[in-house]
Amino acid sequence: MRAPSPSRPSRLPRPARLRGPRRFATVLLCAAAALLPTAVPAAAAAPPPVPGTLQAYDVDSVFSAGVSSGGYMATQLHVAYSGTFDGSAVFASGPYDCARGQLATALNACMDTTQNLQLAALEQTTRDRSAQGQVDPVANLAGDPVYVFSGAGDATVKRPVVDALADYYGRFGARVRYDRSTAAGHAWITPLGPNSCTVTQSPYLNNCGIDAEGALLGHLFGSVAAPGSGTGGSLIRFDQNLYAPDGSAAALSMGGEGFAYVPSSCAEGARCRLLVALHGCKQGYAYQGFGTRFVENAYLNEYADTNDMIVLYPQAAPTATLENPNGCWNWWGYLGDTAYARHGGKQIEAVMGMVRALGGGGTGTPPPTSGRTVLSSTDAQDGYVKAAADGSGAAVGTLEDLSGLALGRGTDGKVNRSLVSFDTSGIPVGKVITRAWLTVTRSSGSGDPWASPAGNRLLVDVRTGCFGGCAVEPADWSAAASVAGAARIDAFSSGSAVSTDLSAEALAALNRGGVTQFRLGFASAPAATAYLFVNRDTPVTLTVEYR
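A quick note: this is a predicted structure, and the numbers were derived from the prediction, not measured.

Caption draft 1: Expanded view of the pattern of salt bridges. Per the stated rule, a full pass over the model turns up 14 salt bridges. For Asp412, the salt bridge identified is with Lys386, shortest N-O distance 3.3 Å. You can see Asp412 sitting in the loop between β16 (405-409) and β17 (415-423) and its partner Lys386 sitting in strand β14 (residues 383-387), a full 26 residues away along the chain. In this structure Lys386 comes out as partly exposed when scored by relative accessible area, which is 24%. Sharing partners across several salt bridges, the network here consists of Glu123, Arg127, Asp167 and Arg171.

Rendered as structure tokens:
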């Protein structure tokens, strides 16, 4: 089987019409950033690549960007390692793991729209993987800047697919900027592009009269200085085999050579950002002599010079078989890599190795579970308490065995708060706790307590020891917490949800010698019936990471 072709972009969900692609070969190509109106920058000669190795710099933040299949990979990196990546920019691709390991789905749902891409299911898959530790906690995505681009002339990855990517990130609280202002074809948008805006053809570098790179970097960084010449640094050519999990980049459909642009400021010790820039299908260095055209014309090195930014350009490569003849990034599970979109994915881990070598990724969750303990709540000490909105008339709830732990306002007009206990003496002695979070599973519910009143928040209080006795009692409804509002659980309508990370004060409040109790409750009493039950059949879990 083959990968989608560049006219049907590289690994992106891009099928505009499946017409040419009958060779499944279509996947991805590009779509990303942009051009300058009228004033098209002169294409200053990029510095020639020099052989070298990746070395550590003073990197304080990491971002991903990509087009088409590279856009899918950029999202996979961001979601899988959201503890490392601080945001992402994507052109012409769809939501995380849209293909679900199936090339037919990639073509028909993630490029074309002949098949429903099932966004709610993709969201739930992400949350489930987060709960299982297969990707970093989804709470990390809240507030992350995400830039999304779709051209009206892109028939490879159709507009509704890219709309779904923007929607996907919004469900996790990311700050999305969506550019749909041009008639661009399927391509990376750059002032240095040799193609006119609306075409979809090699080298898939289109000039649309806008500076998309300035827009995306401005959104990712908060502000951005005007670009320079792109010649004030070094373009390093390095051996990608050193970062392949089994020592062979070719076995992963990656090239033997990768590139990194390092501006002089970063080489001289300045604190810098790292941007991982991922080409689309048919744009890799090893694809039919394509060479460094993406590296030189993406209009990123120019911004790197003036914004203390290292740009890493990993390279995918075509296979000699029909698995991936167009050199797309792996976003549908080719070559039998079932972990392609999560921790342990071979290309993901190769790129993460490069990121770490450059000095980024120190806080990312590693694939192994060493350094992590998952504790289940103590069922005999779990329960819920109901009371009037002012806390009067508190009583222990009685429906736990039937429906689960109650939260929100029930049909009896009472406001419910739930309590769960953990034996936190199970955290290894001598370890420093670095982060922790709760995972809860929805059983049933009615209405939306997060919207009653608008913006209502489900908060987590922490008590060193127990709020009263460790068995649930009426006074627990309003008993003082050691740390109030230590974490938050965002709205979810099914499956599991992961809280935001516990605050530093809450981590210090975890009882290393015995029980720690948590109380879950909405910040404001819902004005009308609006509630949910959680964890009827499974316990709440507390995940603790340490070093």
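Caption draft 2: Spatial organisation of the sheet that holds strand β3 (residues 85-91). Taken in spatial order, the 9 strands make up an open sheet running β1-β9-β10-β12-β11-β2-β3-β4-β5, and their pairing is mixed. Only two strands of the sheet have a single neighbouring strand rather than two, namely β1 (50-51) and β5 (175-179). As paired strands, strand β4 (residues 145-149) and β5 are joined by 5 bridges and run parallel to one another. Within the sheet, the bridge partner assigned to Phe149 lies in β5 and is Asp179. Along the sheet, helix α1 (residues 69-80) makes contact with β2 (59-67), β3, β4 and β11 (272-278), crossing β3 at roughly 160°. Of the strands in this sheet, β2, β3, β9 (233-239), β11 and β12 (309-313) are in contact with helix α9 (residues 346-357), which crosses β11 at around 155°.

Caption draft 3: The environment of Leu402, seen in detail. By the element assignment, Leu402 lies in helix α10 (residues 400-403). Along the sequence, Leu402 and Phe533 sit 131 residues apart, while their C-alpha atoms lie 10.0 Å from each other.

Caption draft 4: Here's a closer look at the sheet that holds strand β8 (residues 205-207). Pairing is parallel across the open sheet formed by 3 strands, whose spatial order is β6-β8-β7. Both edges of this open sheet fall to β6 (188-189) and β7 (195-196), since each of them pairs with a single strand only. Judged from the 2 bridges that link them, β7 and β8 form a sheet pairing that is parallel. Its bridge partner being in β8, Ser196 is matched across the sheet by Asn207.

Caption draft 5: Looking closely at helix α5 (residues 212-221). Among the 10 residues of α5, 10 are classified as buried, and the element is accordingly described as predominantly covered. Here α5 has its buried residues at Ala212, Glu213, Gly214, Ala215, Leu216, Leu217, Gly218, His219, Leu220 and Phe221. Here α5 starts with a cap whose side-chain oxygen sits 3.3 Å from the backbone nitrogen of Glu213, and that cap is Asp211. The positive-phi residue at the C-terminal boundary of α5 is Gly222, with phi of around 100°.

Caption draft 6: Representation of the packing of α1 against α9. One can describe the packing of α1 onto α9 by two numbers: an axis separation of 11 Å at closest approach and a directional angle of 75°. By the angle between their axes, α1 is roughly perpendicular relative to α9. Residues Met73, Gln76, Leu77 and Ala80 of α1 form the contact with α9, whose own contacting residues are Gln347, Ile348, Val351 and Met352. Among the residues making up the contact of α1 with α9, the classes are represented as 6 nonpolar, 2 polar and no charged.

Caption draft 7: Local environment of the environment of Ala320. For Ala320, the location among the structural elements is in the loop between β12 and α9. Separated by 67 residues in the primary sequence, Ala320 and Ser253 place their C-alpha atoms 9.5 Å from one another.

Caption draft 8: Just the packing of α1 against helix α4 (residues 159-171), in detail. At a minimum axis distance of 13 Å, the contact between α1 and α4 shows a crossing angle of 10°. One finds that α1 runs roughly parallel with respect to α4. Touching Tyr72, Thr75, His78 and Val79 of α1 are Val161, Leu165, Tyr168 and Tyr169, all from α4. Here the contact of α1 with α4 is composed, by residue class, of 6 nonpolar, 2 polar and no charged.

What counts, and at which threshold
- Residues numbered from 1 in each chain as written.
- Predicted model: local features only at pLDDT ≥ 70, side-chain atom pairs only at ≥ 80, totals over all residues.
- Heavy atoms only, no water.
- Salt bridge = Lys/Arg side-chain N within 4 Å of Asp/Glu carboxyl O.
- Helix = DSSP H or I, 4+ residues; strand = E, 2+ residues; numbered from the N terminus.
- Buried < 20%, exposed > 50% of the residue type's maximum accessible area, 1.4 Å probe, protein only.
- Pairing = 2+ DSSP bridges.
- Contact = heavy atoms within 4.5 Å.
- Axes fitted to C-alpha atoms, helices over the stretch in contact; angles between N-to-C directions.
- Polar contact = N/O pair within 3.5 Å; in protein donor to acceptor, adjacent residues only side chain to side chain.
- Parallel < 35°, antiparallel > 145°, perpendicular 65-115°, else oblique.
- Nonpolar A, V, L, I, M, F, W, Y, C, P; charged D, E, K, R; others polar.

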